[in-house]
Amino acid sequence: MGRPEIKVFEFKLFQRFPDLVHGVFSRSGGVSSNCFDSLNVGLSSGDDPVCVEENRRRILARMGTQKAVFLNQVHGTNIHVLKQENREEPIIADGVVTDMQEISLVIQVADCQGVLLFDHEKKVIANVHSGWRGSVQNIIGNCIDVMTTRFKCQPGNIRAGISPSLGPCCAEFINYRDEIPKAFWTYKLPGKLYFDFWKMSCDQMLDKGLKKDNIETMDICTQCNADKFYSYRQEKKTGRFACVISLKN
Ligand SMILES: [Zn+2]
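Residues numbered from 1 in each chain as written. Predicted model: local features only at pLDDT ≥ 70, side-chain atom pairs only at ≥ 80, totals over all residues. Heavy atoms only, no water.

A. Representation of the overall build of the chain within the structure. The secondary structure content of the chain amounts to 6 helices and 12 strands. In terms of C-alpha radius of gyration, the chain reaches 17 Å, essentially the compact-globule figure of 18 Å for 249 residues. Viewed in the frame of its principal axes, the chain has a C-alpha envelope of about 45 × 40 × 35 Å. Per-residue burial for the chain yields a buried fraction of 56% across its 249 residues. The contacts in the chain between residues at least 6 apart in sequence include a share of 65% that link residues at least 24 apart. Surface exposure of the chain reaches about 11600 Å², of which carbon and sulfur atoms provide 47%. Put simply, the chain has 32 plus and 29 minus side-chain charges, and the middle of one group is 3 Å from the middle of the other. (Helix = DSSP H or I, 4+ residues; strand = E, 2+ residues; numbered from the N terminus. Rg over C-alpha atoms; globule rule 2.2 N^0.38 Å. Buried < 20%, exposed > 50% of the residue type's maximum accessible area, 1.4 Å probe, protein only. Contact = heavy atoms within 4.5 Å. Areas by Shrake-Rupley, 256 points an atom, 1.4 Å probe, with all protein chains shown as cover. Lys, Arg positive; Asp, Glu negative; His and termini not counted. Charge placed at Lys NZ, Arg CZ, Asp CG, Glu CD.)

B. Molecular detail of the nonpolar core. Residues Val97, Leu117, Cys143, Met147, Ile180, Met205 and Leu210 are the most contacted members of the largest nonpolar core, which totals 37 residues. Elements represented by at least two residues in this core include exactly β4 (79–82), β8 (113–119), β9 (124–130), α3 (139–151), β10 (158–162) and α5 (197–207). It is α3 that provides the largest number of residues to this core, a total of 7 residues. Beyond its immediate sequence surroundings of up to four residues, Val97 is in contact with Ile79, His80, Val81, Leu82, Val124, Ile125, Ala126, Cys143, Val146, Met147 and Phe151. Core analysis: the next-biggest nonpolar cluster, separate from the first, contains 31 residues, Phe11, Val69, Ile125 and Met218 among them. (Core = buried A, V, L, I, M, F, W, Y, C linked by side-chain atoms within 4.5 Å.)

C. Looking closely at the coordination of the zinc ion. Coordination of the zinc ion by the protein comes from Cys169 (SG), Cys170 (SG), Cys221 (SG) and Cys224 (SG), over a distance range of 2.3 Å. Taken together, the 4 donor atoms coordinating the zinc ion span angles of 104 to 118° at the metal, a pattern that classifies the geometry as tetrahedral. Sequence spacing of the donors to the zinc ion: C-C-x50-C-x2-C. Residue Cys169 is found in the loop between β10 and α4 (176–179), and its partner Cys224 is found in the loop between β11 (215–217) and α6 (232–235); the two are separated by 55 residues along the sequence. Look at Cys169 and you get partly exposed, because its relative accessible area is 44%. (Donors = N, O, S within 2.8 Å, 3.2 Å for Na, K, Ca; no water. Tetrahedral: all angles 85-135°; square planar, octahedral: opposite > 155°, others 65-115°.)

D. Layout of the packing of aromatic side chains. This structure, assessed with the given rule, holds 11 aromatic pairs. Both rings, one in Phe11 and one in Phe14, keep their centres 5.7 Å apart while their planes meet at 75°; by these two values the pair is edge-to-face. Judged on exposure class, the residue Phe11 and its partner Phe14 are both buried. Residues Phe195 and Phe197 carry aromatic rings whose centres are separated by 6.1 Å and whose planes lie at 35° to one another, so their mutual orientation is tilted. With respect to burial, Phe195 and Phe197 carry one shared label: buried. An aromatic cluster is defined as three or more aromatic residues linked by ring pairs; in this entry it consists of Trp132, Phe173, Tyr176, Trp185, Phe195 and Phe197. Positioned above the aromatic ring of Phe70, the side-chain terminus of Arg56 is 3.7 Å from the ring centre. Positioned above the aromatic ring of Phe173, the side-chain terminus of Arg233 is 4.9 Å from the ring centre. (Phe/Tyr/Trp six-rings, centres within 6.5 Å; stacked < 30°, edge-to-face > 60°. Lys NZ or Arg CZ within 6 Å of the ring centre and 35° of its normal.)

E. Examining the pattern of salt bridges more closely. A full pass over the atoms with the stated rule returns 8 salt bridges. Asp19 is paired through a salt bridge with Lys123; the nearest N and O atoms lie 2.7 Å apart. Here Asp19 is found in the loop between β1 (8–9) and β2 (20–25), whereas its partner Lys123 is found in the loop between β8 and β9, with 104 residues between them in sequence. Residue Lys123 is classed as partly exposed on the basis of its relative accessible area of 35%. Taking the shortest distance from any N to any O, the salt bridge between Asp99 and Lys83 comes out at 3.8 Å. Of this pair, Asp99 sits in the loop between β6 (95–98) and β7 (103–109) while Lys83 sits in the loop between β4 and β5 (91–92), placing them 16 residues apart in sequence. A single network of salt bridges, built from pairs that share partners, joins Glu54, Arg57 and Arg58. (Salt bridge = Lys/Arg side-chain N within 4 Å of Asp/Glu carboxyl O.)

F. Molecular detail of the state of the cysteines. Inspection of every chain in the model, using the stated rule, returns 0 disulfides. Sulfur of Cys51: no disulfide; nearest cysteine sulfur belongs to Cys35 and is 12 Å away. (Disulfide = S-S within 2.5 Å.)

G. Just the pairing of β8, in detail. Of all 7 residues in β8, 7 are buried; the element is thus mostly enclosed. Burial along β8 is two-sided: the residues Gln113, Val115, Leu117 and Asp119 and Gly114, Leu116 and Phe118 are all buried. One ladder, built from 7 bridges, connects β8 with β9; its direction is antiparallel. Within β9, the position partnered with Leu117 by the bridge is Ala126. (Pairing = 2+ DSSP bridges.)

Take it as geometry only, folks, not as evidence of what the structure does.
As structure tokens, then:
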């Protein structure tokens, strides 16, 4: 039996920058088993930590960096500004921005969006975890604000990629009247209980001044493609796949 290889998905928008390395890692090529099969990077859903460590090591090897930053993601809006290595304490945040090189910024998801951001002029990268709670709090807009205020990025120079995540085909919110603020009901599909969070994220970025052509959605729904990506809605007990971005020296 052949061992499945690591399979990385990339954004076309980022591919022409030699100083940028990024990837959305699918389930393939790891050592976890059963519902975590196989490249799970999440430690909080019950997988063997030894397997998760090995999976994380493989991803770093593929990224070509020695170091990585994993966040303690809490569905909030806090954006961590990474200015120096701080391995001591866990970073509680749902987004991270840096201009440091040779460090992989990792977001872990299973239906939520990983949103990768890159300013090629200022050489600044960011990675955001935006589930529906993050989306209705506009964590993506918050991250772009941090990039412009703390790193002097121009929104017109920022490129963004939205990872595989819950698509409008599957993002059903039966209790949307209680869960989704009314301002976002325009993203509900007419006559249905499904929401288009991909469009919501695009609009939030356009509102901050990003150019339409600089936003790329992979258009891959995780629930429809649970064989390739972890999907919480599809499987409940499952792993997390990695969305990763780093700057080369
Ligand atoms: Zn779907």
